[in-house]
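Residue strings, one per chain:
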Amino acid sequence: MTEQIEKIRKSIEPLRQEIINHKVYSVIKNKEDLNLFMQHHVFAVWDFMSLLKSLQNNLTCTTIPWFPKGSAETRHLINEIVVGEESDIDLNDNRKSHFELYLDAMNQCGANINQINTFIEVLQQSNDFEKAFDLSCAPKAARHFVDFTFNIINSNKDYLQAAIFTFGREDLIPGMFISIINDINKSFPDTVTIFKYYLERHIEVDGDHHSHLALKMTSNLCGNSEIKWQEAEQATIESLKKRIALWDGVYEAITAKNKILAV
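In this report, we go over the structure that sits alongside the text. (Residues numbered from 1 in each chain as written. Predicted model: local features only at pLDDT ≥ 70, side-chain atom pairs only at ≥ 80, totals over all residues. Heavy atoms only, no water.)

1. Concerning the overall build of the protein
Along the backbone of the protein there are eleven helices and two strands. In terms of principal-axis extent, the alpha carbons of the protein reach across some 60 × 40 × 35 Å. Every one of the 263 residues in the protein was classed for burial, and the buried ones make up 53%. The contacts of the protein with a sequence gap of at least 6 include a subset with a gap of at least 24, amounting to 75%. Distance from the positive charge centre (27 side chains) to the negative charge centre (36 side chains) of the protein: 3 Å. (Helix = DSSP H or I, 4+ residues; strand = E, 2+ residues; numbered from the N terminus. Buried < 20%, exposed > 50% of the residue type's maximum accessible area, 1.4 Å probe, protein only. Contact = heavy atoms within 4.5 Å. Lys, Arg positive; Asp, Glu negative; His and termini not counted. Charge placed at Lys NZ, Arg CZ, Asp CG, Glu CD.)

2. Quick word on the packing of helix H2 (residues 31-59) against helix H7 (residues 140-154)
One way to put it is that H2 packs onto H7 with a least axis distance of 9 Å and a crossing angle of 5 degrees. Between H2 and H7, the interaxial angle falls into the category roughly parallel. Where H2 approaches H7, its residues His40, Phe43, Ala44, Trp46, Asp47, Ser50, Leu51 and Ser54 are matched on the opposing element by Ala142, Phe145, Val146, Thr149, Phe150 and Ile153. Here the contact of H2 with H7 is composed, by residue class, of nine nonpolar, four polar and one charged. (Axes fitted to C-alpha atoms, helices over the stretch in contact; angles between N-to-C directions. Parallel < 35°, antiparallel > 145°, perpendicular 65-115°, else oblique. Nonpolar A, V, L, I, M, F, W, Y, C, P; charged D, E, K, R; others polar.)

3. Here we look at the nonpolar core
If you look at the biggest cluster of nonpolar residues, it comprises 86 residues, and the most contacted ones within it are Phe37, Ile116 and Phe195. If you tally residues by element for this core, the top one is H2, at 15 residues. Setting aside its immediate chain neighbours within four residues, Ile116 contacts Val42, Phe43, Trp46, Phe99 and Leu103. (Core = buried A, V, L, I, M, F, W, Y, C linked by side-chain atoms within 4.5 Å.)

4. A short note on the environment of Asp183
Counting through the fold element by element, Asp183 comes out in helix H9 (residues 173-187). In sequence terms Asp183 and Pro68 are 115 residues apart; their C-alpha atoms lie 48 Å from each other.

What follows is the structure in structure tokens.
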């Protein structure tokens, strides 16, 4: 399986580098810029949790009566990741999901959380994504990103879900966020402590333990099937392209805002 993992890593490396070195990081100059970034990115934080829970639903028994389902090792891998993502600790040692922690960070920064809150509220009531996107006025780039994630979720192919989870999220996040965290304290000293903590937790947890677990899970699910590995590689490539498009959207929103202010 190591050969297949390395094959995917080699094929996606140019896209990884494009994300890690994306121009969006260079235009985050003040809190208003950071707020725009977070108001887009929070949708990716939310749909990550949905992707995670879809994997747990597919790979473990989450219904009653309980029966053994799938590989016990794979059950252990996904359940351990869920514990860390769904019930981590914040700066005050309170248990929170990473999504809830991100909302705390947005509140501290003064970012607008009305869009994501409206989106979730409408979706809970209607189960209608189009309605939730429209009524929340969600950013177009964030909408496209979430649409892709749920297309993979709705495929019911756990190996594709695991692939984009691993190579498009868990294995990518540390390199992606290190580009932000290096300068964030210089630009916003002592005013974004929760966001800084959120980023550091991802670098610490995803860069080591969760990334290793996710790689092993993907290997277990693809197994010896060449077709599954090929589909996993293609889905991963598409997921990274969607991330680039999301970052492009954030960059355009920030630069457009700055042009208006400069007039």
